[in-house]
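Chain by chain, the residues:
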Amino acid sequence: MAKNKQKILSIVLAGGEGTRLMPLTRDRAKPAVPFGGVFRLIDFPLSNLVNSDYRHIVVLTQYKSHSLDRHISQMWRFSSLLGNYVSPVPAQQRLGKHWYLGSADAIYQTINIIEDVQPDIVVIVGADHVYRMDFGQMVEQHIESGAEFTVAGIRQPIEQSNQFGVIDVDPEHPNQIKSFLEKPDTCAGLPDDPNMFLASMGNYVANTDALFDALAKDAKSEDTKHDMGGDIAPYFAARNEAGVYDFNSNVIPGSTDTDHAYWRDVGTLKQFYDAHMDLIAYVPEFNLYNQAWPIYTNSGTLPPAKFIHAGRDRLGHATDSIVSPGVIVSGGEVHHSVLSPNVHIHSWSQVVDSILFDGVVVNRRARVYKAILDKNVVLTENSTVGIDTEHDLARGFTVTPEGITVVPKGTVV
Ligand code: ADQ
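Only a predicted model underlies this, so the values are computations on that prediction, with no experimental measurement involved.

### Section: the pairing of strand E6 (residues 121-126)
Taken residue by residue, a regular strand's side chains alternate between the two faces of the sheet. Extensive coverage of E6 is indicated by the burial of 6 of its 6 residues. Of the two faces of E6, the one lined by Ile 121, Val 123 and Val 125 and the one lined by Val 122, Ile 124 and Gly 126 are each fully buried. Examined bridge by bridge, strand E1 (residues 8-14) and E6 share 6 bridges and lie parallel to one another. By the bridge assignment for E6, Ile 8 is matched with Ile 121. Sheet analysis places E6 next to strand E11 (residues 196-207), joined by 4 bridges and oriented antiparallel. By the bridge assignment, Ile 124 is partnered in E11 with Tyr 204.

See the structure below:
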């Protein structure tokens, strides 16, 4: 398909607090949470935009944005020679004394930036989902359809309606949204599959003028949460000006039948854990190795991972796992796990079904099972995590209803 010539500005909404990911979001914004060993969540939407050839990008930050800002400026500041940029924009309190009230208010308060750029079209994306997407294909459909506002949609199980914006389409015009309801307790199923509904992915394409009008009206309204999903999408739907883009039709070079249209909201610890397990599945549900649509990150200057056979019963190894640069597995055993950079695994220790963030140390004879260990956690000799979840709770660790133990940053166990 020929690339359109419209001027595009991309806005990444990166201000979410991520309370359901606590304690991983205790010291960092949700989009800065590490994912898949070497990435941070924000690397996925930013890689998608850059791979889509959209390189005028502003990232709206708010909560605990220090590590996010640092990551963006170290990793995502590319050459401005061709006028390309990724700019973090902290909450500005420009229009009133409050912090951003909701995602729509965040955009409204930075409207001066949009005015400076004067784009024809604004692409608005969330910062905390794991997926590959060519936004160019969505923008093409948006332009061809004549909609003022287009929402990307994906099918989800009906019992999850309270976690997503629910898109109801007009059966006569399947690309047109009849109504949009943010996180209703229940909803109707799709005509061809009553167990599924069409969920908003939190990604939008809007004509700039129409978006300005909607945001300005929303800012003046009393009856609003100033939220893109709760207020702006329903506003366009009610005016019959909203279209839906079917994510399932998005074509990514190098994708396979297995990982086509993979998209995960990793808003809860269980979803975050499961999405990691998808990476290490025998045939990965999400293929990090597809270099035709790379996910960029800051891999720095770390040396390669090293595995040490330290003695007859100390064969350092990792199976069914992802192992990052700077890792040393010396005489310990790792299975079905994700190891981030600089993790050290010592003799006779065991790590199974777990996710270890940067700099975690597992000392001799320590054991880790079904756990997420945040940055710089140290397991002392003979200690355990995830083996006795009652004990984990008693020690103040988080244990999810599914039995995943999460140990906060820097804890010595
Ligand atoms: P949620 O993710 O629950 O649902 P929200 O908390 O508003 O909605 O977060 C959306 C995005 O905006 C996230 O990337 C978040 O980080 C960011 N954000 C939130 N408040 C912000 C602020 N004040 N400033 C800057 N950024 C902010 C949304 C949609 C649903 C859709 C799901 C898909 O509202 O309709 O189904 O995403 O996961």
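### Observations regarding the site of the ligand
What surrounds the ligand is a group of 27 residues, the closest being Leu 13, Gly 16, Glu 182, Lys 183 and Ser 200. A distance of 2.8 Å is found between an oxygen atom of the ligand and a backbone nitrogen or oxygen belonging to Gly 16. Contact distances for the ligand include 3.1 Å between an oxygen atom and a side-chain N or O atom of Asp 265. Calculation on the ligand without its partners gives an accessible area of 720 Å², and the protein chains cover 86% of this total. When atoms are counted within 2 Å of each cavity's grid points, the one that captures over half of the ligand is the largest pocket. Considering every element that reaches the shell around the ligand, the biggest residue donor is E11, with 4 residues.

### Remarks on empty space enclosed by the protein
Considering all chains together, one arrives at 1 cavity of 30 Å³ or more under this definition. Its volume calculated, the largest cavity comes out at about 80 Å³. What lines the largest cavity is Arg 132, Phe 247, Asn 250, Ile 252, Ser 255, Asp 259, His 260, Ala 261, Tyr 262 and Phe 286. Residue classes in the lining of the largest cavity are distributed as 5 nonpolar, 3 polar and 2 charged.

### Some remarks on the packing of aromatic side chains
For the coordinates displayed, the defined rule picks out 13 aromatic pairs. With 6.3 Å between their ring centres and 70° between their planes, Tyr 131 and Phe 247 make a pair best called edge-to-face. Linking Tyr 131 in strand E7 (residues 129-131) with Phe 247 in the loop between strand E12 (242-246) and strand E13 (263-265), this pair joins segments that are 116 residues apart in sequence. Residue Phe 247 is classed as buried on the basis of its relative accessible area, which comes to 1%. Over the face of the ring belonging to Trp 348 we find Arg 314, whose NZ or CZ atom lies 4.7 Å from the ring centre. Taking the ring centre of Trp 348 as reference, the NZ or CZ of Arg 365 above it sits at 4.4 Å.

### Comments concerning the nonpolar core
With 37 residues, the main nonpolar core has Val 12, Ile 42, Val 59, Val 123 and Met 133 as its most contacted residues. Of all the secondary-structure elements, those providing two or more residues to this core are E1, helix H1 (43-51), strand E4 (56-61), helix H2 (66-75), E6, helix H5 (135-145), strand E8 (149-157) and E11. If one sorts the elements of this core by residue count, E11 sits on top with 4 residues. Excluding its chain neighbours within four sequence positions, the residues that come into contact with Val 12 are Ile 42, Leu 46, Leu 49, Ile 57, Val 58, Val 59, Leu 60, Val 125, Gly 126 and Ala 127. Judged by nonpolar contacts, the second largest core, of 36 residues, contains Ile 167, Leu 211, Ala 214 and Ala 242.

### Side note on the layout of surface pockets
Here the largest pocket defines a volume of roughly 1,100 Å³. Breaking the lining of the largest pocket down by element, the ones donating at least two residues are E1, E4, helix H3 (103-109), strand E10 (173-182), E11, helix H7 (228-238) and E13. Of the residues forming the lining of the largest pocket, the biggest block, 4 residues, is contributed by E11. Across the lining of the largest pocket, the residue classes tally to 14 nonpolar, 17 polar and 9 charged.

About the criteria used
- Residues numbered from 1 in each chain as written.
- Predicted model: local features only at pLDDT ≥ 70, side-chain atom pairs only at ≥ 80, totals over all residues.
- Heavy atoms only, no water.
- Buried < 20%, exposed > 50% of the residue type's maximum accessible area, 1.4 Å probe, protein only.
- Helix = DSSP H or I, 4+ residues; strand = E, 2+ residues; numbered from the N terminus.
- Pairing = 2+ DSSP bridges.
- Near = heavy atom within 4 Å.
- Polar contact = N/O pair within 3.5 Å; in protein donor to acceptor, adjacent residues only side chain to side chain.
- Areas by Shrake-Rupley, 256 points an atom, 1.4 Å probe, with all protein chains shown as cover.
- 1 Å grid on protein atoms, 1.4 Å probe; cavity = no way out; pocket = protein on both sides within 12 Å on 5 of 7 lines; lining within 4 Å.
- Sits in = over half its atoms within 2 Å of the grid points.
- Points joined across faces, edges and corners; volume = space filled by probe spheres on them.
- Nonpolar A, V, L, I, M, F, W, Y, C, P; charged D, E, K, R; others polar.
- Phe/Tyr/Trp six-rings, centres within 6.5 Å; stacked < 30°, edge-to-face > 60°.
- Lys NZ or Arg CZ within 6 Å of the ring centre and 35° of its normal.
- Core = buried A, V, L, I, M, F, W, Y, C linked by side-chain atoms within 4.5 Å.
- Contact = heavy atoms within 4.5 Å.

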